[in-house]
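Structural overview
Each chain, written out:
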Amino acid sequence: MSSTPTTPPTFTIDRPRLEDVPAIARIHVDGWRVAYSHLLAGEQWFGQQAVDRRTTQWTSWLTPGTPAHDQGIYRIGRDAEGTPIGLAASWPPREKQPVRGRELSILYIEEAWFGSGLGRALAESVLDGGPASVWVAEENPRARRFYEKLGFTPDGAARVEEQLGNIRDIRMVR
């Protein structure tokens, strides 16, 4: 009995367009559900209210001429049919005394793509292999392990996200 080798899923990375916003907002909210549902609950985080808020945010971020657009680096992962399956964004750090010049600000992919290399490809596409920081929920060990594989290590800095139900974030740097 022979087994047929499976072909790894293919994806592409490119710049998101305004017409991608509904899919991006859905991926962003679903990414929050996967990452934070053990820490947060409610429509404002995972329901239509959250999708509407993310739609407004992404529309602003992807509209040329806005400060977030002009300072940000945005990438989207697409499957072989061109459907959005992941997203990443990087802005200059918002800290008063940043430890790196870039921050990996957003990284979410559809669960079906976990382990495919898409997350790594998206992160590197916005960081270009350079030094960066990332804030990650302390109680999100899966994400922390992922960032460690990208060369990030905790640097001892932490903050409590009061507007996010007092989630404690730690900073990782590379």
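This text goes with the structure placed above it.
Turning our attention to the pairing of strand S4 (residues 103–109). S4 sits mainly inside the fold: 6 of its 7 residues count as buried. When strand S3 (residues 84–91) meets S4, the two strands line up antiparallel, connected through 6 bridges. The residue bridging Gly 86 from the neighbouring strand is Ile 109, located in S4.

For the rest of this paragraph, the subject is the nonpolar core. Ranked by size, the top nonpolar core spans 20 residues in total, and within it Leu 104, Leu 107, Tyr 147, Phe 152 and Met 172 carry the most contacts. Elements with a contribution of two residues or more to this core: S3, S4, helix H5 (118–127), strand S5 (133–137), helix H6 (141–149) and strand S7 (167–173). By residue number, the principal contributor to this core is H5, which donates 5 residues.

Right, let's get into the environment of Gly 130. The topology assignment puts Gly 130 in the loop between H5 and S5. Spatially, the C-alpha atoms of Gly 130 and Arg 100 are 9.6 Å apart, while their sequence positions differ by 30 residues.

Looking at H5, one finds that the buried residues are Leu 118, Gly 119, Leu 122, Ala 123, Val 126 and Leu 127. In a view along the axis of H5, the buried residues occupy a sector of 155°, so they form one face of it. Looking at the packing, one finds that the buried side of H5 touches strand S1 (11–14), strand S2 (73–79), S3, S4 and H6. Two residues or fewer past H5, Asp 128 is found with a positive phi of approximately 55°.

Another aspect to go through is the packing of aromatic side chains. Taken as a whole and assessed by the stated rule, the structure comprises 7 aromatic pairs. Seen in terms of ring centroids, Trp 58 and Tyr 74 are 5.9 Å apart; in terms of plane orientation they differ by 70°. Their pairing is edge-to-face. Pair noted here: Trp 58 is in helix H3 (residues 48–61) and Tyr 74 is in strand S2, with a separation of 16 residues, a long-range link. By relative accessible area, Tyr 74 is classed as buried at 5%. Judged by centre distance (6.0 Å) and plane angle (75°), the ring pair of Tyr 147 and Phe 152 falls under edge-to-face. Put simply, the rings of Trp 58, Trp 61, Tyr 74 and Trp 91 touch in pairs and so form one group of aromatic residues. For the cation-ring pair, Arg 54 lies above Trp 32, with the distance from its terminal atom to the ring centre recorded as 4.8 Å. The positively charged end of Arg 159 is found above the aromatic ring belonging to Trp 135, 4.0 Å away from the centroid.

Throughout the structure, instances matching the rule amount to 12 salt bridges. Among the salt bridges present, the one from Arg 78 reaches Asp 14, with a minimum N-O distance of 3.0 Å. Taken together, the residues span a long stretch of sequence, with Arg 78 in strand S2 and Asp 14 in strand S1 at a distance of 64 residues. A relative accessible area of 5% places Arg 78 in the buried class.

Attention shifts here to the environment of Arg 26. If you trace the backbone, Arg 26 turns up in helix H1 (residues 21–36). Residues within four places of Arg 26 in sequence aside, it is in contact with Pro 84 and Glu 110.

Note on placement: Asp 20 falls in the loop between S1 and H1. Of the residues examined, Asp 20 reaches a relative accessible area of 6% and is grouped as buried. Here the side chain of Asp 20 touches Arg 78 through a polar contact of 2.6 Å, side chain to side chain. Look past the residues within four positions of Asp 20 in its chain and what remains in contact with it is Ile 76, Arg 78 and Pro 84.

Attention shifts here to the packing of H1 against H3. Where H1 contacts H3, the two axes come as close as 8 Å, and the packing angle between them is 125°. Relative to H3, the element H1 is oriented oblique. Regarding H1 and H3, the two cross each other, and that crossing is right-handed. Judged by residue contacts, Val 21, Ile 24, Ala 25, His 28, Val 29 and Trp 32 of H1 engage Ala 50, Val 51, Arg 54, Thr 55, Trp 58, Thr 59 and Trp 61 from H3. Along the lines of polarity and charge, the residues of the contact of H1 with H3 split into 9 nonpolar, 3 polar and 1 charged.

Quick notes on the rules
Residues numbered from 1 in each chain as written. Predicted model: local features only at pLDDT ≥ 70, side-chain atom pairs only at ≥ 80, totals over all residues. Heavy atoms only, no water. Buried < 20%, exposed > 50% of the residue type's maximum accessible area, 1.4 Å probe, protein only. Helix = DSSP H or I, 4+ residues; strand = E, 2+ residues; numbered from the N terminus. Pairing = 2+ DSSP bridges. Core = buried A, V, L, I, M, F, W, Y, C linked by side-chain atoms within 4.5 Å. Arc of directions from axis to C-beta. Contact = heavy atoms within 4.5 Å. Phe/Tyr/Trp six-rings, centres within 6.5 Å; stacked < 30°, edge-to-face > 60°. Lys NZ or Arg CZ within 6 Å of the ring centre and 35° of its normal. Salt bridge = Lys/Arg side-chain N within 4 Å of Asp/Glu carboxyl O. Polar contact = N/O pair within 3.5 Å; in protein donor to acceptor, adjacent residues only side chain to side chain. Axes fitted to C-alpha atoms, helices over the stretch in contact; angles between N-to-C directions. Parallel < 35°, antiparallel > 145°, perpendicular 65-115°, else oblique. Left-handed = near helix turned anticlockwise from the far one by under 90°. Nonpolar A, V, L, I, M, F, W, Y, C, P; charged D, E, K, R; others polar.

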